[in-house]
Amino acid sequence: MIASYAGEAAQLTELRGLAERGRYRELLEQLAALPAFEVESRTPLALLAAEANGRLGNHEEATRWSNGALSRARAQCEPHAELRARSYQGAVALERGDIEQAQRYAASALLLARELGDHTAQAKCLNNLGIMAYVRGDPHDALGTFTLALAAYQQAASLRGIAEAHHNVGIAHRALGHVAAARQASEEALRRATQAGDETLIALALTGRAETDLLAGEPDLAASLLDYALVLYSRLRASDGL
């Protein structure tokens, strides 16, 4: 029995590692090689299936797996797993363009995250709510919500989250025409992404800084930053085998 638990733990660690590295196709291939009942009955595996399908744009499958994970988590009294399932439901609804449903899921997940004292989850929920506000055409609301997400990521000491939040704050400032504030936010996003060593975030931050330079009337500087971002994106695609 102990050996079985150890094997399951090692397997879960390996699968989560694939998700963390963005290797979602490989993750789904490994999940598909397992008995279907095993994936459906183990909440962490169902959550990984929901995440991978959502990242790859398989919205119906992502919805099916997140709904199943939510039901399983509630039945087994796993509040943290329930929180992740609610978050995935909101993210999938957002990707499908159903803003109203996404808001309901995100608000529900945010309440649970606060009950559990999970700062990282709170930050992710606030980040999603900020994106929804921006999509609705309300950059003022988006800016306030992204700022709250930044504070939550800082409490969680998440470098990647802090970098992403600064990037999003910059987006909102650009939409409002706040060039100086947008530049400050994009520079901080780049600094934090570099500290985290995450080339995907670095490329994203460079793109945000370039957009700010365009807004400021500096196209040459923007072009040089975009060239560097393209190099990073090309390298990332090559490393993923795409």
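Scroll up for the structure.
What counts as what
- Per-chain numbering applies: the sequence of each chain, read as written, is numbered from 1 onward.
- In keeping with the predicted nature of the model, local features appear solely for residues at pLDDT of at least 70, side-chain atom pairs appear and are counted solely at 80 or more, and the whole-chain, interface and lining totals rest on all residues.
- Only hydrogens and water are set aside; all other atoms, that is, all heavy atoms of the structure, feed into the side-chain values.
- Salt bridges are defined by distance alone: a side-chain nitrogen of Lys or Arg within 4 Å of a carboxyl oxygen of Asp or Glu.
- What counts as a helix is a DSSP run of H or I of at least four residues, what counts as a strand is a run of E of at least two, and both are numbered from the N terminus.
- Partly exposed describes any residue whose relative accessible area lies between the buried limit of under 20% and the exposed limit of over 50%, with all areas from a 1.4 Å probe on protein chains only and scaled to the type maximum.
- We call two residues in contact whenever any of their non-hydrogen atoms come within 4.5 Å of each other.
- When two rings of Phe, Tyr or Trp (its six-membered ring) have centres within 6.5 Å they constitute a pair, described as stacked for plane angles under 30 degrees, edge-to-face for angles over 60, and tilted for the intermediate range.
- To sit over a ring, a charge needs its Lys NZ or Arg CZ within 6 Å of the ring centre and within 35 degrees of the ring normal.

Side note on the pattern of salt bridges
Okay, step 1: Under the definition given, this model contains 14 salt bridges.
Okay, step 2: Among the ionic pairs, Arg-64 bridges to Glu-61, the shortest N-O distance being 3.0 Å. In this pair, Arg-64 and Glu-61 both sit in helix H5 (residues 59-75), three residues apart, roughly one turn of the helix.
Okay, step 3: Given a relative accessible area of 41%, Arg-64 falls into the partly exposed group.
Okay, step 4: Put simply, Glu-188 and Arg-191 hold a salt bridge, and the shortest N to O gap is 2.5 Å. A residue pair is termed a helical-turn pair when its members lie 3 or 4 positions apart in one helix, as Glu-188 and Arg-191 do in helix H11 (residues 179-196) at three residues.
Okay, step 5: A single salt-bridge network, built from bridges that share partners, covers Arg-183, Glu-187, Arg-209, Asp-213 and Glu-218.

Re the environment of Leu-126
Okay, step 1: Relative to the elements of secondary structure, Leu-126 occurs in helix H8 (residues 119-135).
Okay, step 2: In this structure Leu-126 comes out as buried when scored by relative accessible area, which is 7%.
Okay, step 3: Along the backbone, Leu-126 and Leu-221 are 95 residues apart, and their C-alpha atoms lie at a distance of 32 Å.
Okay, step 4: Ignoring any residue separated from it by four or fewer positions in sequence, one finds Leu-126 in contact with Leu-110, Arg-114, Thr-145, Leu-148 and Ala-149.

What to know about the packing of aromatic side chains
Okay, step 1: Using the criterion set out here, one finds zero aromatic pairs in the structure.
Okay, step 2: When the ring centre of Trp-65 is taken as reference, the NZ or CZ atom of Arg-64 above it lies at 4.7 Å.

Brief notes about unusual backbone geometry
Okay, step 1: The backbone phi angle of Cys-77 is positive, close to 55 degrees, even though this residue is not glycine.
Okay, step 2: For Cys-77, the location among the structural elements is in the loop between H5 and helix H6 (79-95).
Okay, step 3: Note on Cys-77: relative accessible area 66%, which makes it exposed.
Okay, step 4: Even without being a glycine, Ala-157 presents a positive backbone phi close to 55 degrees.
Okay, step 5: Among the secondary structure elements, Ala-157 is positioned in the loop between helix H9 (139-156) and helix H10 (159-175).

Note that all results are geometric; they support no functional claim without further evidence.
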